[in-house]
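One letter stands for each residue in the lines below.
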Amino acid sequence: MRYSAFSIVRNALSGNLNWKPQWRQPQPKSHYDVIIIGGGGHGLATAYYLAKEFGVKNVAVLEKGYLGSGNVGRNTTIVRSNYMLPGNEPFYEFSMKLWEGLEQDLNYNVMLSQRGVIMLYHSDAQRDAYVRRGNAMWMEGVAAELIEREQLKKMIPFLNYDHARYPILGGLLQRRAGTARHDAVAWGYARGADRHGVDIIEHCEVTGIRRENGIVTGVETTKGFIGCGKLALAAAGNSSRVGEMADLKLPLESHVLQAFVTEGLKPCIDHVIVYGGGHFYISQSDKGGLVFGAEIDGYSSYAQRGNLATAEHVMEEGVTMIPGLARVRVLRAWGGVMDMSMDGSPIIDRTSIDNLYLNCGWCYGGFKATPASGYCFAHLIARNDTHPVARALRLDRFARGYAVDEAGAGPQPNLH
Amino acid sequence: MASLITCPHCGLRPKEEFAIRGDASRGRPEPMDSDEAWHDYVYVRANPRGRTLEHWHHVAGCRRFLVVERDTATHEVYSVVDAAEFARRAAQ
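The structure presented is a predicted model; accordingly, all values stated were derived computationally and were not measured.

Undergrad: Got a minute to help me understand the overall build of chain A in this structure?
TA: Across its full length, chain A holds 10 helices and 18 strands. Scaling as 2.2 N^0.38, a compact globule of 416 residues should have a C-alpha radius of gyration of about 22 Å, and chain A matches this with 21 Å. Based on the C-alpha atoms only, the size of chain A along its principal axes is roughly 65 × 65 × 40 Å. The 416 residues of chain A split such that 57% are buried. Counting contacts in chain A only where the partners sit at least 6 residues apart, residues at least 24 apart contribute 74% of the total. Summed over its atoms, the accessible surface of chain A is roughly 16,800 Å², and 52% of this surface lies on carbon and sulfur atoms. Of the side-chain charges in chain A, 43 are positive and 41 negative, and the distance between the mean point of each set is 5 Å.

Here it is in structure tokens:
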């Protein structure tokens, strides 16, 4: 399906009844060179870059639900590259650069809005920490700006600057960061992959991984056995379950993260604002709803729903930062299952099985990483070699003592 | 997620009083056990979908460590026992 001004007029005149699907609904073939388990953002991006950049076109993406039903449609749509550690920052900056060219690359409007992400600080110590993080970003060639209180008051006048416990003293701003329309990212990658010949097979759940002589030969699915040359796992919150089918033991725990959206308002919040007194982030969608979230609920869970006490805590944080939020009504809340890794950083690596590749551990930073995750995973699958920006994101880093622990929280997945 | 946890010492309490440490299904290796055993203990998780055992610390109550058995898919809580009692039972 191609879009143009002409096609909008033509379809309007025919009652919008003749739009075509954006991707095919193929029956699975008996064998593919590469099968990707998981039709979320990362799986679709992997398939797209495999076909487009690495010339591997005989690819299938297997999705147990409908396309975009998982975390790619359940996040708060923030894209940024304001990480501190040298193992993370080049990867996320690579992702940010891919975001900046994504609409041209896909010829699809993902509504990337580089409105700036500002992280607030509330004490001198926190200011020091953000100066350090900003400097670490500059070291990797990424612009960061420290915005002091008076300047911030002009930018964002409605914050609670004089809160007794968490006064707002300023913030660290990345201007290139912002938001993107999450569903459009899934659809754009799906259409792009489909055009390059990738079979996207929805409602096809993998029930087993068949191995012979130590290598994967294919997968058992609800649509029968499908053979493959290489198998790639991009199953996010269900990575442990899929990994178990190949006897992989993973450093992951699945946790639930909630997100919320309010009724539509006139434009009021111009940036993505991150509260530093706790952990709370908010932005305004193009439709006008305020989209916000905070931390995971804290207990391991596979249910795509959260706890009311956490919802209350999130609201309290929001109102502490922006008192005016108390007047806004929440329309919807939802939960997603996060594959929390033991250091809070992702894993893109080979496994102990030669032709089985692993992409997991996205914690709650998966959406912003979608393009780089797909690109680096495709690089790994096609060339059997780690992409330079993903060198630190190895599965064996825990055993080797090279954890990439951005939060400094240790091997405690519910604290990352 | 069940909002109430029956602490064996304090009775029915809201779950916000507890801090969750995580997986309680495996014992701590001996100090001189292999690096692999320690790596598995510290970093690898079974991460089951279904019944799971977890250490919960009743920080705003009796401050005892408890072992909570619950379901990660339905959020049903099956049992809550004191961690010392749990260890005694496991040793038998």
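Undergrad: Could you clarify how one ought to interpret the environment of Glu148(A) in this entry?
TA: Residues and elements named next belong to chain A. Positionally, Glu148 belongs in strand β5 (residues 145–148). Residue class for Glu148 comes out partly exposed when judged on its relative accessible area of 34%. Through-space distance from the C-alpha of Glu148 to that of Arg350 is 45 Å; in sequence the pair is 202 residues apart. Setting aside chain neighbours within four positions, we find Glu148 in contact with Tyr121, Arg127, Leu169 and Gly170. Of note is the side chain of Glu148, whose polar atom sits 2.6 Å from the side chain of Arg127.

Undergrad: What's the story with the confidence of the model for chain B in this structure? I'm lost.
TA: Detailed reading of the predicted coordinates is not advisable wherever pLDDT is low. Looking at chain B as a whole, the pLDDT averages 94, with 98% of positions reaching at least 70. Note on the complex model: pTM 0.96, ipTM 0.94.

Undergrad: Got a minute to help me understand the sheet that holds strand β5 (residues 65–71) of chain B in this structure?
TA: Strand pairing in a sheet is mediated by backbone hydrogen bonds. Such pairs are either parallel or antiparallel. Residue and element names in this part refer to chain B. A sheet is described by the order of its strands in space; here 4 strands give the open sequence β3-β4-β5-β6, paired in antiparallel fashion. Edge positions in the sheet fall to β3 (19–23) and β6 (77–82), since each has one partner strand and no second. Between one strand axis and the next, the sheet turns by 25° as a mean value, whatever way the strands run. Pairing analysis gives 4 bridges linking β3 to strand β4 (residues 51–57), with the strands arranged antiparallel. Looking at the pairing, Ala19 lines up with His57 of β4. Relative to the sheet, helix α2 (residues 83–91) contacts β4, β5 and β6, its axis offset from that of β6 by approximately 95°.

Undergrad: Please clarify how the interface of chain A and chain B should be interpreted in this entry.
TA: Accessible area lost upon the coming together of the parts serves often as the stated size of an interface. Contact with chain A, which involves 24 residues of that partner, is made by 24 residues of chain B. The three residues of chain A that bury the most area against chain B are Tyr299(A), Ser300(A) and Tyr302(A), which together make up 25% of that side's buried surface. Summed over the shared surface of chain A and chain B, the result is 1 salt bridge. For the salt bridge of Glu253(A) with Arg45(B), the shortest nitrogen-to-oxygen distance reads 3.4 Å. Linking chain A with chain B are 14 residue pairs in polar contact (both at pLDDT 80 or more). Here the side of chain A that touches chain B is built from residues that sort into 11 nonpolar, 9 polar and 4 charged.

Undergrad: Would you mind going over the environment of Gly22(B) with me for this structure?
TA: For Gly22(B), the position within the fold is in strand β3. Sequence-wise, Gly22(B) and His57(B) are 35 residues apart; in three dimensions their C-alpha atoms are separated by 9.9 Å. Those residues in contact with Gly22(B) that lie beyond four places of it in its chain are Gln412(A), Leu53(B), Glu54(B) and His55(B).

Undergrad: Help me understand unusual backbone geometry in this model?
TA: Trans peptide bonds make up the majority, and among non-glycine residues the majority have a negative phi. All names here are of chain A. In this structure, Asn107 is a non-glycine residue whose phi angle is positive, near 50°. Note on placement: Asn107 falls in the loop between α3 (89–106) and β4 (117–121). With a relative accessible area of 48%, Asn107 lands in the partly exposed category.

Undergrad: Even after reading the chapter, I still don't get the sheet that holds β5(A), so can you show me in this structure?
TA: Residues and elements named next belong to chain A. One open sheet holds the 8 strands; their spatial order is β5-β6-β4-β13-β14-β15-β12-β16, and the pairing between them is mixed. A strand with exactly one partner marks an edge of an open sheet, and here the two such strands are β5 and β16 (330–341). Ignoring strand direction, the axes of neighbouring strands in this sheet form an average angle of 25°.

Conventions we followed
- Residues numbered from 1 in each chain as written.
- Chains lettered and ligands numbered in written order.
- Predicted model: local features only at pLDDT ≥ 70, side-chain atom pairs only at ≥ 80, totals over all residues.
- Heavy atoms only, no water.
- Helix = DSSP H or I, 4+ residues; strand = E, 2+ residues; numbered from the N terminus.
- Rg over C-alpha atoms; globule rule 2.2 N^0.38 Å.
- Buried < 20%, exposed > 50% of the residue type's maximum accessible area, 1.4 Å probe, protein only.
- Contact = heavy atoms within 4.5 Å.
- Areas by Shrake-Rupley, 256 points an atom, 1.4 Å probe, with all protein chains shown as cover.
- Lys, Arg positive; Asp, Glu negative; His and termini not counted.
- Charge placed at Lys NZ, Arg CZ, Asp CG, Glu CD.
- Polar contact = N/O pair within 3.5 Å; in protein donor to acceptor, adjacent residues only side chain to side chain.
- pLDDT = per-residue confidence, 0-100.
- Pairing = 2+ DSSP bridges.
- Axes fitted to C-alpha atoms, helices over the stretch in contact; angles between N-to-C directions.
- Buried area = accessible area lost by both parts, 1.4 Å probe.
- Salt bridge = Lys/Arg side-chain N within 4 Å of Asp/Glu carboxyl O.
- Nonpolar A, V, L, I, M, F, W, Y, C, P; charged D, E, K, R; others polar.

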